[in-house]
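# A closer look at the structure
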Amino acid sequence: MFNRKSKLRGRSAPNPPARSMYSYYSVPTGAKAEAGRNKDYAKRLNPKYSWWRHIPTILAAGLIIISIGYALSLNTNPKIIQLATGSDLFLQAPSVYRAAAQKQFKGSILNTNKITVNISGITRQLRQQFPELSDVSITVPMLGHRPIIYLAPSKPTMILNSNGNSYVLNDRAIAVIRTNSIPNLTNLKLPTLTDETNLPIKLGDTTLPVSNLNFITTVVDQLQTQKIKIKSLILAPRANELDIQIEGQSYFIKMDIQGEANEQSGAFVAVNNQLTKLQQLPKDYIDVRVPGRAYYK
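Below or above, wherever it landed, is the structure these notes cover.

Criteria and thresholds
- Residues numbered from 1 in each chain as written.
- Predicted model: local features only at pLDDT ≥ 70, side-chain atom pairs only at ≥ 80, totals over all residues.
- Heavy atoms only, no water.
- Helix = DSSP H or I, 4+ residues; strand = E, 2+ residues; numbered from the N terminus.
- Buried < 20%, exposed > 50% of the residue type's maximum accessible area, 1.4 Å probe, protein only.
- Polar contact = N/O pair within 3.5 Å; in protein donor to acceptor, adjacent residues only side chain to side chain.
- Contact = heavy atoms within 4.5 Å.
- Phe/Tyr/Trp six-rings, centres within 6.5 Å; stacked < 30°, edge-to-face > 60°.
- Lys NZ or Arg CZ within 6 Å of the ring centre and 35° of its normal.
- Axes fitted to C-alpha atoms, helices over the stretch in contact; angles between N-to-C directions.
- Left-handed = near helix turned anticlockwise from the far one by under 90°.
- Nonpolar A, V, L, I, M, F, W, Y, C, P; charged D, E, K, R; others polar.
- Pairing = 2+ DSSP bridges.
- Core = buried A, V, L, I, M, F, W, Y, C linked by side-chain atoms within 4.5 Å.
- Expected span 1.5 Å × (residues − 1).
- Arc of directions from axis to C-beta.

## A look at the environment of Gln128
Residue placement: Gln128 occurs in helix H6 (residues 119–129). In sequence terms Gln128 and Gly204 are 76 residues apart; their C-alpha atoms lie 8.1 Å from each other.

Following this line, the structure appears as C-alpha cells:
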C-alpha cells in the first residue's frame, strides 16, 4: 500500500506543449518576400539606379533647347536694301553699309539673338556714321536668320561752297557728301550757296541753322514760281544778310535770312515788276530787309 503511493509520487506529470513566443518585430516568411520585392522596386525608382531610363527624355529636351536657340539666332551678315527715292545719287556702295552694320552686330553677343538684339542702337550708330541717310530701318525675320536693313537717302536741298570746299546739304542742313564724289552732280539741279562768312564746315556736321536753310529754299521756290532765274546766292559776311543775284541783272536782292521768306520774296517781286514797267531798274541793289518797305539804288 505504501509502495503504491510512493510509486505514484515518483511519476512526473506530462509537460504541456511549449508556447511559441510572439514578437512584434517578427515577420512571417511570406511578408518578408513581399518586403524584398518592394525594396527592389524602390531601387528601380531611385534615380541612382534608373537614370539611364531618362536618356530619351534628356535627349529630347536638349534637342528642343538647341532648336529654340537656333531659331532665335541672328546672322551677322545683314542684307542691305537701298530704297529708291530719286535722291540716291550720293549713296555709297551697299558693301560699305554692310561692313559697318556687320561691325555693329558683331560688337555684342546680344546682337546675335532675335530677342536681345539692340535694333535702336544699331540704327542710331548707322545714322551717325552715314549722314547721307535720312532713315535706317532694321527688320528681324520671324523664320530666317539674316536681318534686313532698309536705307533711305537724305533729300539733297543745296550745294554749299565754303573755304574752297563744296558740299551737298540735306534737308537738315547737314553736309552729307563732297560734290567731287558725285559724278552726275548737275542731275541734282540744286541751288548753290556761297558762304563768305568762312564758317568752319566738317563733313557730317550741321552747317547752317535749319531755319536759315528753309528760308533760302523758300525764297528760291518763290522766285522760280515767278520765272525769275537766280544766278547766285551769297551768304554775306554782314549779319543775317543773304544776297541774291538775278540772271541778266547787275543788282543784288538784299534779304534778312532771319525774317519772313514769303513776305520778302513778295516785296521784291512787286518792286521789281513796278521798276521794270518804269524802266528804272536799279544798278546796285533792291533791299527788302525791312518789313513793309523796299529800298533800291
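## Some words on the side chain of Glu241
When you line up the elements, Glu241 lands in strand E9 (residues 241–246). Residue classification places Glu241 among the buried residues on the basis of a relative accessible area of 1%. Among the polar contacts listed, one links the side chain of Glu241 to the side chain of Arg289, at a separation of 3.2 Å. In this view, Glu241 contacts Ile234, Leu235, Ala236, Lys254, Met255 and Arg289; residues no more than four positions away in its chain are not counted.

## Some remarks on the packing of aromatic side chains
In this structure the tally under the stated criterion is 1 aromatic pair. Aromatic side chains Tyr97 and Phe130 sit 4.8 Å apart centroid to centroid with 75° between the ring planes, which places their arrangement in the edge-to-face category. A residue pair is termed long-range when its members are at least 10 positions apart, and Tyr97 in helix H5 (residues 94–106) and Phe130 in the loop between H6 and strand E2 (133–139) qualify at 33 residues. Relative accessible area serves as the criterion here: at 2%, Tyr97 is assigned to the buried category. Classification of Phe130 by relative accessible area gives buried; the value is 5%. In this arrangement the basic side chain of Lys254 is found over the ring face of Tyr285, its NZ or CZ atom lying 4.2 Å from the centre.

## Some remarks on the packing of H5 against H6
Running from N to C, H5 and H6 cross one another at 145°; their axes reach a closest spacing of 10 Å. H6 is crossed by H5, and the crossing has right-handed handedness. Seen from H5, the contacting residues are Ala100, Ala101, Gln104 and Phe105; seen from H6, they are Ile122, Gln125, Leu126 and Gln129. Taken together, the residues of the contact of H5 with H6 sort by class into 5 nonpolar, 3 polar and no charged.

## Examining the sheet that holds E2
Spatially, E1-E3-E2 is the arrangement adopted by the 3 strands of the open sheet, whose pairing is mixed. Two strands bound the open sheet, and with one partner strand each, they are strand E1 (79–82) and E2. When the angles between neighbouring strand axes are averaged without regard to direction, this sheet yields 20°. Its contacts with the sheet put H5 on E1, E2 and strand E3 (148–153), and the angle it makes with E1 is roughly 135°. Of the strands in this sheet, E2 and E3 touch H6, which is tilted by about 155° from E2.

## A look at the nonpolar core
In terms of nonpolar packing, the biggest core is built from 32 residues, with Leu193, Phe215, Ile216, Leu223, Ile244, Ile253 and Phe268 touching the most fellow members. Among the secondary structure elements, those contributing two or more residues to this core are strand E4 (156–162), strand E5 (165–170), helix H7 (210–225), strand E8 (230–235), E9, strand E10 (252–256) and helix H8 (261–277). Per element, the largest residue contribution to this core is 6 residues, and it comes from H7. Sequence-distant contacts of Phe268, defined by excluding residues within four places in its chain, comprise Leu223, Ile228, Ile246, Tyr251, Ile253, Ile286 and Val288.

## Looking at unusual backbone geometry
Non-glycine residue Asn240 carries a positive phi angle of around 60°. Although it is not a glycine, Gln279 sits at a positive phi angle of roughly 55°. Position of Gln279 relative to the elements: it lies in the loop between H8 and strand E11 (285–287).

## Brief notes about the sheet that holds E11
Across the sheet, 9 strands lie side by side as E6-E5-E4-E7-E8-E9-E10-E11-E12; this open sheet has mixed pairing. Either end of the sheet is taken by a strand with one partner, and the two such strands are strand E6 (175–178) and strand E12 (295–296). When strand E7 (residues 192–195) meets E8, the two strands line up parallel, connected through 3 bridges. By the bridge assignment, Leu193 is partnered in E8 with Leu233. Where H7 meets the sheet, its contacts fall on E4, E5, E7, E8, E9 and E10, and the angle it forms with E9 comes to roughly 25°. Of the strands in this sheet, E9, E10, E11 and E12 touch H8, which is tilted by about 155° from E10.

## Comments concerning H5
Relative to the 18 Å expected for 13 residues at 1.5 Å per residue, H5 spans 18 Å between its end C-alpha atoms, a close match to the ideal helical length. Those residues of H5 lying buried are Tyr97, Ala100, Ala101 and Phe105. Looking down the long axis of H5, one finds its buried residues gathered within 140° of arc, a one-sided arrangement. Away from its buried face, by an angle of more than 90 degrees, H5 presents the exposed residues Lys103 and Lys106. As for H5, its buried residues are in contact with E1, H6, E2 and E3.

Taken by themselves, the reported measurements are silent on function.
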